[in-house]
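# A closer look at the structure
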Amino acid sequence: MPVEMEEVINEGASTSSGTAPNKAQEKKKSIPWIEKFRPQVFEEIMGNEEVVSRLAVFATQGNTPNIIIAGPPGVGKTTTILCLSRILLGENFRNAVLELNASNERGIDVVRNKIKMFAQQKVTLPKGRHKIVILDEADSMTEGAQQALRRTMEIYSGTTRFALACNNSEKIIEPIQSRCAMIRFSKLSDAQVLAKCIFVCQKENLDYTEDGLEAIVFTSQGDMRQALNNLQSTANGFGKITSENVFKVCDEPHPLLVQNMLEHCILGDVHKAYKIMKKLWILGYSAEDIIANIFRVCKKMEMDEKLKLGFIREIGECHMKIIDGMNSLLQMSALLARLCECTYSK
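Owing to the predicted nature of the structure, the values given are computational and were not obtained by experimental measurement. (Residues numbered from 1 in each chain as written. Predicted model: local features only at pLDDT ≥ 70, side-chain atom pairs only at ≥ 80, totals over all residues. Heavy atoms only, no water.)

Glancing now at the overall build of the protein. Regarding its fold elements, the protein presents 17 helices and 7 strands. With 346 residues in all, the protein has 45% of them scored as buried. As displayed, the protein has an accessible area near 18700 Å², and 52% of this comes from carbon and sulfur atoms. (Helix = DSSP H or I, 4+ residues; strand = E, 2+ residues; numbered from the N terminus. Buried < 20%, exposed > 50% of the residue type's maximum accessible area, 1.4 Å probe, protein only. Areas by Shrake-Rupley, 256 points an atom, 1.4 Å probe, with all protein chains shown as cover.)

Here you go:
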């Protein structure tokens, strides 16, 4: 081979080998953190330890029943099912698992075509293992689709298991509920969300403050997916995780302002409380945003227990009126007046 040709080939090889890692790194950077840091094994899942330990027993024994996992969003329902499937199926995971989002594919045709065809496929699995159909947002399925699914579950019970994740189990028809083991997930605690956020910050070498992480936890309200999305958005937008940056990204009324307003109500000073309320209104926050944060801050404030119950009752009644459409500044001002009245009547 001529020397010139060899040099060209070597140069091309070195260039391609240099760009390949860069492309891989770019691809890794573009992955959302909710996927990048999604748990792969049971030990990595935060919260609901008792429930997860029950599923770990199912995984070791092999003969898993059909299951329904119900709970609020972002607590690890789908992730837990995927971890269970990986342990049960091992290298057969790709061939023996069908994952569908029932909020998009919710009609009877999906059950008749995709799910039924998958259940009919022959896949060689170890003894005691079954194919798994994962239906996310199963409470969005139409009643006709659920009736068809019930029949499919009956016919293919020998080869296929069904795992349904939903927010509200009451929307799943009774015949399906009776064929499944019901598992309920609860919201994650602030400490669990905080621990995961610190772990992600350390992995990503983020510059963060203590009040910044507290703001992430406050805005997430026990939803790990929301917490990681807010964390990534703040990191990409501002580079540093501070309380001010987090509330700019999440666009929520700052809890310190809301707390200050409630403190004026406790002292019975409706004029100073109204000034803060008007400031929040001028900033463009909706009545629903403001009332939601008032409730969340009030729950965590240290005050007389009887007074707190009175505050929460008034906030709840005001929230009902706002949902009915009475969402003016006048309505919010009336709430402040009633909160001050609670203080005087205490």
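Now that the structure has been shown, the text picks up again.
Our next topic: helix 3 (residues 49-61). Spanning 13 residues, helix 3 covers 19 Å between terminal C-alpha atoms, matching the ideal 18 Å at 1.5 Å per step. Among the structural elements, strand 1 (67-70), helix 4 (77-89) and strand 5 (181-184) are those in contact with the buried residues of helix 3. (Expected span 1.5 Å × (residues − 1). Contact = heavy atoms within 4.5 Å.)

What follows covers the packing of aromatic side chains. Scanning all chains against the criterion turns up 3 aromatic pairs. Taking 6.2 Å as the distance between ring centres and 85 degrees as the angle between the ring planes, the aromatic pair formed by F37 and F199 counts as edge-to-face. Here F37, found in the loop between helix 2 (33-36) and helix 3, pairs with F199, found in helix 9 (residues 190-203); they are 162 residues apart in sequence, far enough to count as distant. For F37, a relative accessible area of 12% gives the class buried. Judged by its relative accessible area of 36%, F199 is partly exposed. What links up through ring pairs into an aromatic cluster is the set W33, F37 and F199. Lying over the aromatic face of F118, K131 brings its terminal NZ or CZ to 5.4 Å of the ring centre. Directly above the ring of F218 sits R296, whose terminal nitrogen or CZ lies 4.7 Å from the centroid. (Phe/Tyr/Trp six-rings, centres within 6.5 Å; stacked < 30°, edge-to-face > 60°. Lys NZ or Arg CZ within 6 Å of the ring centre and 35° of its normal.)

Next up on the list: the packing of helix 14 (residues 270-282) against helix 15 (residues 287-300). At a minimum axis distance of 10 Å, the contact between helix 14 and helix 15 shows a crossing angle of 135 degrees. Regarding the angle of helix 14 to helix 15, the classification is oblique. Relative to helix 15, helix 14 is oriented so that their crossing is right-handed. Every residue of helix 15 that contacts helix 14 at M277, L280 and W281 is listed here: A287, I290 and I294. Looking at the contact of helix 14 with helix 15 residue by residue, the class counts come to 6 nonpolar, no polar and no charged. (Axes fitted to C-alpha atoms, helices over the stretch in contact; angles between N-to-C directions. Parallel < 35°, antiparallel > 145°, perpendicular 65-115°, else oblique. Left-handed = near helix turned anticlockwise from the far one by under 90°. Nonpolar A, V, L, I, M, F, W, Y, C, P; charged D, E, K, R; others polar.)

Attention now moves to the sheet that holds strand 5. What the 5 strands build is an open sheet, ordered 2-3-4-1-5; its pairing is parallel. In this open sheet, the two edge strands, each paired with only one partner strand, are strand 2 (97-101) and strand 5. Geometrically, the sheet is characterised by an average inter-axis angle of 15 degrees between neighbouring strands, direction not taken into account. Judged from the 4 bridges that link them, strand 1 and strand 5 form a sheet pairing that is parallel. Residue pairing across strands places I69 opposite I183, the latter belonging to strand 5. Strands in contact with helix 4 are strand 1, strand 2, strand 3 (131-136) and strand 4 (160-166); relative to strand 3, the strand with the most contacts, it is inclined by about 175 degrees. (Pairing = 2+ DSSP bridges.)

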